[in-house]
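# Observations on the three-dimensional arrangement
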Amino acid sequence: MISYQLFPRSVAITPEIKKVITCFENVATLIDSTVFDTLVSNDVLKIVEPELTKIGFQVETGKTAAEMINVPVLFGRNNVPDKYFNADALSSDGRIVIEVEAGRAVVNNQFLKDIFEAGCMFNVEYLVLAVKNLYRGSNDFEKVYTFLETLYISNRIKLPMKGILLLGY
C-alpha cells in the first residue's frame with residue numbers, strides 16, 4: 001500500500017503531484033516493501049520509471065554521466081551552470097524532483113541530504129521523497145513523517161520549496 005503526506009500539511013496536493021502518486025500506486029504490488037524487502041532504490045526506480053515517463057518525467061536510467069539527471073544549482077559566467085546535484089527523476093518543467101530511497105533513507109539520513117539538495121536546485125518547487133514503509137522491522141515512512149512534521153511545525157527552518165511529498169512504498 002502506498003502511503004503519502006504532503007508537507008506543509010496546510011497545502012493541498014496539486015494535480016501534478018497527484019499524477020506522481022498515481023504512478024507509484026500503479027506499481028504498488030511490485031514495490032511493496034512489506035513483501036519485497038530486498039529491493040534497493042534503483043530497483044524501485046526501474047519499476048516506476050515507465051509510469052513516470054508517461055507523465056513527462058525524465059528518469060535516471062543508470063550511473064553513467066549520460067544516464068544521470070543533473071539539476072543546476074549554481075551558475076557561472078555567461079549563465080553557464082557550473083554546479084549540479086543529481087536527481088532520480090525530474091518533471092519536464094523542472095519544478096518537481098523525485099528521490100527514491102530504500103535502506104539508506106533513515107539509517108544513513110539520506111532523506112536529509114535529499115531535502116538539502118532539492119532546496120538548492122534551481123527552479124524546484126516540490127520534492128517527492130519515496131521511502132520504504134518497512135525496512136528491517138522499522139517504519140521509515142513514519143520516522144521521516146515525524147521529522148518533517150517537526151520541521152514544518154517548528155517553523156524554524158524555511159525551505160525554498162512549496163512542499164515535500166513524503167511517499168511510502
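Here goes a summary of the coordinates provided. Bear in mind that the values here come from a model prediction, so they are computed numbers and not experimental data.

### As for helix α1 (residues 15-26)
- Here α1 contains twelve residues, and its C-alpha end-to-end distance of 16 Å stays within 8% of the 16 Å for a straight helix at 1.5 Å per residue.
- What α1 keeps buried is the set Ile17, Val20, Ile21, Cys23 and Phe24. The buried residues of α1 occupy one face: seen down the axis, they fall within an arc of 150°.
- Residues of α1 that are buried make contact with β1 (3-7), α2 (28-31), α3 (41-54), β6 (96-100), β7 (126-131) and β8 (163-168).

### Describing the sheet that holds strand β2 (residues 58-59)
- Read from one edge to the other, the open sheet built from six strands follows the order β1-β8-β7-β6-β5-β2, with strand pairing classed as mixed. Bordering the open sheet on either side are β1 and β2, each of which pairs with just one other strand.
- Across two bridges, the pairing between β2 and strand β5 (residues 89-90) is antiparallel. Paired with Val59 across the strands is Ala89, a residue of β5.
- Each of β1, β6, β7 and β8 touches α1; the most contacted strand, β6, lies at about 25° to it.

### Quick look at the packing of aromatic side chains
- Under the counting rule described, the total for this entry stands at six aromatic pairs.
- Residues Phe111 and Phe147 carry aromatic rings whose centres are separated by 5.1 Å and whose planes lie at 80° to one another, so their mutual orientation is edge-to-face. One end of the pair, Phe111, is in helix α5 (residues 110-120); the other, Phe147, is in helix α6 (residues 140-154), with 36 residues separating them in the sequence.
- Overall, Phe111 belongs to the buried group, its relative accessible area being 4%.
- Three or more aromatic residues link up through ring pairs in this structure, and these residues are Phe7, Phe141, Tyr145 and Tyr152.

### Brief notes about unusual backbone geometry
- Here the amide bond leading from Phe7 into Pro8 is cis, since omega sits at -5°, within 30 degrees of zero.
- Structurally, Pro8 can be placed in the loop between β1 and α1.
- Within the chain, Asn109 stands out as a residue other than glycine whose phi angle is a positive 55°.
- Positive phi is not limited to glycine here, since Asn123 has a value of about 75°.
- Among the residues examined, Asn123 registers a relative accessible area of 40% and is labelled partly exposed.

### Regarding the environment of Thr61
- Examined against the element boundaries, Thr61 turns out to sit in the loop between β2 and β3 (69-75).
- Classification of Thr61 by relative accessible area gives exposed; the value is 58%.
- Considered as a pair, Thr61 and Val73 are twelve residues apart in the sequence and their alpha carbons are 21 Å apart.

### Looking at the pairing of β3
- Bridging between β3 and strand β4 (residues 81-87) involves six bridges; their strand directions are antiparallel. Bridge pairing in β4 links Val71 to Phe85.
- Connecting β3 to the next strand, β4, in antiparallel fashion are five residues, including Asn78 with a positive phi near 60°.

### Comments concerning α5
- Of the positions making up α5, those classed as buried are Gln110, Phe111, Asp114, Ile115, Glu117 and Ala118.
- In this structure, the buried residues of α5 make contact with β4, β6, α4 (104-107), β7, α6 and β8.

### Let's talk about the pattern of salt bridges
- Inspection of every chain in the model, using the stated rule, returns eight salt bridges.
- Of the charged contacts in the structure, one is a salt bridge between Lys18 and Glu25, with a shortest N-O distance of 3.7 Å.
- Lys18 gets classed as partly exposed once you look at its relative accessible area, which sits at 34%.
- The shortest N-O distance in the salt bridge between Arg95 and Asp93 comes to 2.7 Å.
- The exposure class assigned to Asp93 is partly exposed, which follows from its relative accessible area of 38%.
- One salt-bridge network, in which partners are shared between bridges, spans Asp93, Arg95, Glu125 and Lys162.

Rules of the game
Here, residues in each chain are numbered from 1, in the same order as that chain's written sequence. Local features are withheld for residues below a pLDDT of 70 in this predicted model, meaning they are given only at 70 or higher, and side-chain atom pairs are given and counted only at 80 or more; totals for whole chains, interfaces and linings count all residues. Note that the side-chain values use all heavy atoms of the structure and ignore hydrogens as well as water. The secondary structure listing takes helices from DSSP runs of H or I that are at least 4 residues long and strands from runs of E that are at least 2 residues long, numbered from the N terminus. Every helix has an expected span of 1.5 Å times one less than the residues it contains. Summary of the burial criterion: residues with accessible area below 20% of their type's maximum are buried, those above 50% are exposed, and those between are partly exposed, where the area comes from a 1.4 Å probe applied to protein chains only. What the arc describes is the spread of directions from the helix axis to the C-beta atoms. Here a residue-residue contact requires only that any non-hydrogen atoms of the pair lie within 4.5 Å. Pairing between two strands requires that DSSP report at least two bridges joining them. Think of each axis as a best-fit line through the C-alpha atoms, taken over the contacting stretch in the case of a helix, with angles from 0 to 180 degrees between the N-to-C directions. Geometry of aromatic contacts follows a simple scheme: Phe, Tyr and Trp rings, the Trp one being its six-membered ring, pair when their centres are within 6.5 Å, and the pair is stacked under 30 degrees between planes, edge-to-face over 60, tilted otherwise. A pairing counts as a salt bridge when a side-chain nitrogen of Lys or Arg comes within 4 Å of a carboxyl oxygen of Asp or Glu.

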